[in-house]
Structure formats: structure tokens, C-alpha cells
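# Architecture and fold: a report
Letter by letter, the chains look like this.
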Amino acid sequence: MELNKNKLEYWDSILSRISNYEEGTDAIVPDTYPDIGRIVCARGMLSVKDAAPQKDRMLISGTVKTAVLYLPEGENELRRLDIPLTFAHIEECRGIHEDTCCFARCTLAGVEAVAVNSRKVSVTARMVFDLSAYRQTCVSLTESIERGDPSIETQCESLEVTLIEQLSVNDFTVLEDAQLPDADDLDLLYATCEFRPTECRAMNGKAVVRGDAVVSGMGLQMDGELRTFEQTTNFMQVFPCEGLEEGAPVSVRLTANSMDCRMEPGGVLSFSVGASAMLCAEKGHELRTVTDLYSTTHELHTETRNITLQEHKTVGRLSAECTRDLALGEAVSHLVQTSAVMTGSPTANGDGRLNVPVICQGLYHNEEGTVHSFAKPMTLEFTADTCRCEQCRVQIASAVCGKEGVTLRIRLEGDNVEGGRHELRDLTEITIGDPLPAAREGVTLTLRYIEAEEALWDVARGCRTTVSAIRGANGLAENEQTVSGRMLLIPMGD
């Protein structure tokens, strides 16, 4: 018996995970440098060399250029140590192979430097990897049966589901020379780049992405003071996306992989950012599946399989804020720099709140004018009505100094995504078996009292008749699916 199939091609998520990783190294203070008295802070610049899929795993490798600031014994002038380290992280995930579409957003959560002694430093870089992997999937679902045999009745169900139809990762570069005021003598310590898309528009076979590349960092001035900076550069990129129709819904994820940043004469900040963009085009489908069937004259033998569909529907942007007091054990007179990095996936606690693990770090002056650093892991609670938050980021919107620490106002932003896993039973084969025993000879109509609510389909199947025949004999409307507390006339036979 012929089955009418509906071919469905989409990208299925096999990895969506935030992982934390640490890499460390030891370094000896050069002979020309003075002994370490106190380490003030350590910062770094992360560059991802490779984020490649391998069999059942994903390899992320690169370097971190760390800069350690310390005060020599008996001195008040900050000194700098540059300590590079390399890393290679393997994320295990069954189903990944060389053709898997992978995307990695890597963030440096912090650098910790500890003086082993006055001539040796131990440096540890904490990294956060927001990893995604998708595999291209093709399934054929039975949506109906060729009605060659009028004795066969089928029950069908419709399901609306949104799936990822197209997915691609493209590399691009943002270049800029930006003038920083009063920065002629600035010694650059580190810089980072964050992409903030403002538009992602589908054209015929292309996607136009516009946004801001926000470069921020910190440097050491000749007078020994630390200075932060932030420079925003507009960008526009046109990416090929074969088959993408004009006006189709499409979203983009952006990440900075590497950064070459230096100070040029005249206070010019020259930077080159190597980045990746993952384009995601969603499409809604109305699926029809056969959920049950029977024959009024013969036995039927069927074979089925279970199919799981992962829905992915972006329904808007998520934005929420919360406030957190951070105790530092002393009064803070001036904040030099603050930042926050998400270290795990947001989790909903069921009452419209999201718990988000983060690490907040910064530099500050106490009342004596001494510079100190802090790095505090914590879990923040945001009020947000969301099913699932993707491409999330946290940032410190403002910070207020206090007598015992600081008060931080932290903002959470991301994509609000709906979707769960739909479990379907797909009909793969039908075989007609032996004839059923004949009904009582001469009986064409029977009466049956339905007391408790019962589906018309179950009544018809049990009596070897059809739902339409029962509706016609009893004057039931097409939208009536169940009956209860009434007598039914049930036609028997053909």
C-alpha cells in the first residue's frame, strides 16, 4: 500500500553548551626587572586559532597574551610582565563529524597571577566557551495513505513547527584606526571586541548584517595611572546564503576570534579583528502525520518508527536587569574598570525568573589610593519571561562605590527562543492481513448508549464502521470529536 511522504530537511542541534576551561603557566621575572612586591592585577587578550569539528568532539585552540602588573618591593611605580600561554580544549559530543556546522564564542573570564616568590609568577587564564553544533538532517514523514482500499480509515494529526532551514558560518575582518584623546603615551595592556548586531536582513541568496564593533580595553600611562577606553566602529557585511529568499526571517551570531591591537604615534588605536558570523534562517512547517488506522474488513499490520524534531523559533529579544552588592571589605573611592562574563547557561526556576552564573571582576582604588583587583563568581537572578535564552551576554551597566564595596547594576541580553522536542511516531509500512469475522448476518444498524465521554474514532473502530457514518446517522457536527451521555445509532457493514 502506497504511503504519501513529506520530505523534511533541516538543521538539528546536537550541541548547545557553555563550558569553562583553565590553562596555566609559570614565568620567571627577567633579570633586568626588579623583584615582585605585590601583584596588582593581570589581564589578557584571547585569540582563537582553530574551532574545528572532529569525530565526536570539537577542538578549540589558541593563545592568551597576558599582562601582569606588579609593584616592586619598596617602589610605587607599576611594572609590566608579558606572559603568553597556549591552550587546547576538547569538547566531547557524540554525533559531531567533519561536516558538522560548529560555532564557538570564546571569552576570557579572567586572568589570575600569583607570585610564587619574588622572581616567579604563576598565571592562570579562565576561559568560557559558548559552543553550538548542528547536523543537517533529512526525514520523510508519512502524511497520508493512498486511498485505494475504501475499507481503511485513517486518523491524522497536524503540527505546526519551526525548524532551522539554513545555517552557515562566514569569516570576516573589521579594521579601524581610531583616535584616542590624550593617549600619546598610553601603553596598551589589553583590548577586547564585542559585536552588537543592529540589523540582519535577507536578500535573494544573501544576508546583510549591520552593527557595531565595540573595542574596549585598558592601558598604562606614563604617570603610572591606569586608563580605560572604549571605541565603537560601525560595520556592514554581506554574506552569501544560497537559497535565502527576500525578506525571510534570518538571525546572526557574531564573535571575535582574534585581535591585533596596538597604539600608533599620535594616540591612534589601530586594530584588526578577525571574526565569525553564523547565519540562521528559520522556517515554519505544518506537518501532518498518521496517528492511527484500521480496516473495517481486514486485519492491518503496521510498522512505525520514532522521530524527534527539535523546534527552534526566535520570538524576540530578551533584556533584563538586576542589582547586586559586592562586598570587598574596604571602602572604594574610585572604580577603574569592571566587567562581567557569563560562565554557564541561564536556567529558569519556574516563576518568571532566570538564574545566571557569572563572574564579575574589576579594578578599584581604596581610600588610601592603592589599586586593588577583584574577581567574584556569583549567581544572578533576573526577572524575565522566557522559554530559552540563546546568544546571551551580561554587561555591567553601572557601578556605585560604597564604604564596604560596590553596587553593580548588571544587564542581561539575548535571543528569546521558543521550542522543545516533538516526539512523533511515523508510519513506515502497512500490510493487509486476513479478513475479519463477518458481522451478524442481516444486521445493518445497532444502538449503543455512551455513558462516559468517548472519542467517536474509538467507537467507530470498535464497531468496524466509520466516523462519518456515525455522524451522518446521528446528525453530529464535523467538529464533534467525542460523545457522552447519549444513545448512538451505529451503522454496520459497508
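A brief look at the structure comes next.

Cut-offs applied
Residues numbered from 1 in each chain as written. Predicted model: local features only at pLDDT ≥ 70, side-chain atom pairs only at ≥ 80, totals over all residues. Heavy atoms only, no water. Helix = DSSP H or I, 4+ residues; strand = E, 2+ residues; numbered from the N terminus. Rg over C-alpha atoms; globule rule 2.2 N^0.38 Å. Buried < 20%, exposed > 50% of the residue type's maximum accessible area, 1.4 Å probe, protein only. Contact = heavy atoms within 4.5 Å. Pairing = 2+ DSSP bridges. Axes fitted to C-alpha atoms, helices over the stretch in contact; angles between N-to-C directions. Disulfide = S-S within 2.5 Å. Phe/Tyr/Trp six-rings, centres within 6.5 Å; stacked < 30°, edge-to-face > 60°.

Right, let's get into the overall build of the protein. A count of helices and strands for the protein gives two helices and 25 strands. For 494 residues, the compact-globule formula gives about 23 Å, and the C-alpha radius of gyration of the protein, at 32 Å, lies well above that figure. For the protein, the spread of C-alpha atoms along the principal axes amounts to about 115 × 45 × 40 Å. Going through the 494 residues of the protein one by one, you find that 48% of them count as buried. Residue pairs at least 24 apart in sequence account for 76% of intrachain contacts in the protein once pairs closer than 6 positions are excluded.

All right, on to the sheet that holds strand 14 (residues 313-327) then. The strands that make up a sheet are held in pairs by hydrogen bonds between backbone atoms, and each pair lies either parallel or antiparallel. Taking strand neighbours across the sheet as the criterion, the three strands line up as 14-20-19 in an open arrangement whose pairing is antiparallel. The sheet is open, and its two edges are formed by strand 14 and strand 19 (388-401), each paired on a single side. Direction aside, the axes of adjacent strands within the sheet are offset by 15 degrees on average. Pairing geometry for strand 19 and strand 20 (residues 405-418), over 11 bridges, is antiparallel. Within the sheet, the bridge partner assigned to Gln395 lies in strand 20 and is Arg411.

On to the sheet that holds strand 3 (residues 57-72). Ordered in space as 2-3-4, the three strands form an open sheet in which the pairing is antiparallel. The strands lining the two open edges of the sheet, one partner per strand, are strand 2 (36-54) and strand 4 (79-92). Each neighbouring strand pair of the sheet contributes to a mean axis angle of 15 degrees, computed without reference to strand direction.

So, about the state of the cysteines. For the structure shown, the criterion picks out one disulfide. Put simply, Cys389 and Cys392 are joined by a disulfide, and their sulfur atoms are 2.2 Å apart. With respect to burial, Cys389 and Cys392 carry one shared label: buried. Between Cys322, a free cysteine, and Cys360, which holds the nearest cysteine sulfur, the sulfur-to-sulfur gap is 8.5 Å. Overall, the relative accessible area of 11% leaves Cys322 in the buried class.

Turning our attention to the packing of aromatic side chains. Using the criterion set out here, one finds eight aromatic pairs in the structure. Between Phe195 and Phe235, the aromatic rings sit 5.4 Å apart at their centres with planes inclined by 85 degrees, giving edge-to-face as the arrangement. Taken as a pair, Phe195 in strand 8 (residues 187-203) and Phe235 in strand 10 (residues 226-240) lie far apart in primary sequence, 40 residues in all. The two residues Phe195 and Phe235 agree in class, both being buried. Counting every residue linked through ring pairs, the aromatic cluster contains Phe172, Phe195, Phe235 and Phe239.

What follows covers the pairing of strand 17 (residues 353-366). Burial within strand 17 is extensive, with 11 of its 14 residues counted as buried. Of the pairings in the sheet, the one linking strand 16 (residues 347-348) to strand 17 comprises two bridges and is antiparallel in character. When the bridges of strand 17 are listed, Thr347 appears paired with Asn355. Remark: four residues form the turn of the hairpin made by strand 16 and strand 17, two consecutive strands paired antiparallel; Gly350 in that turn has positive phi of roughly 95 degrees. Here strand 17 folds back onto strand 18 (residues 371-383), and the loop between the two strands holds four residues, one of which, Gly369, carries a positive phi near 85 degrees.

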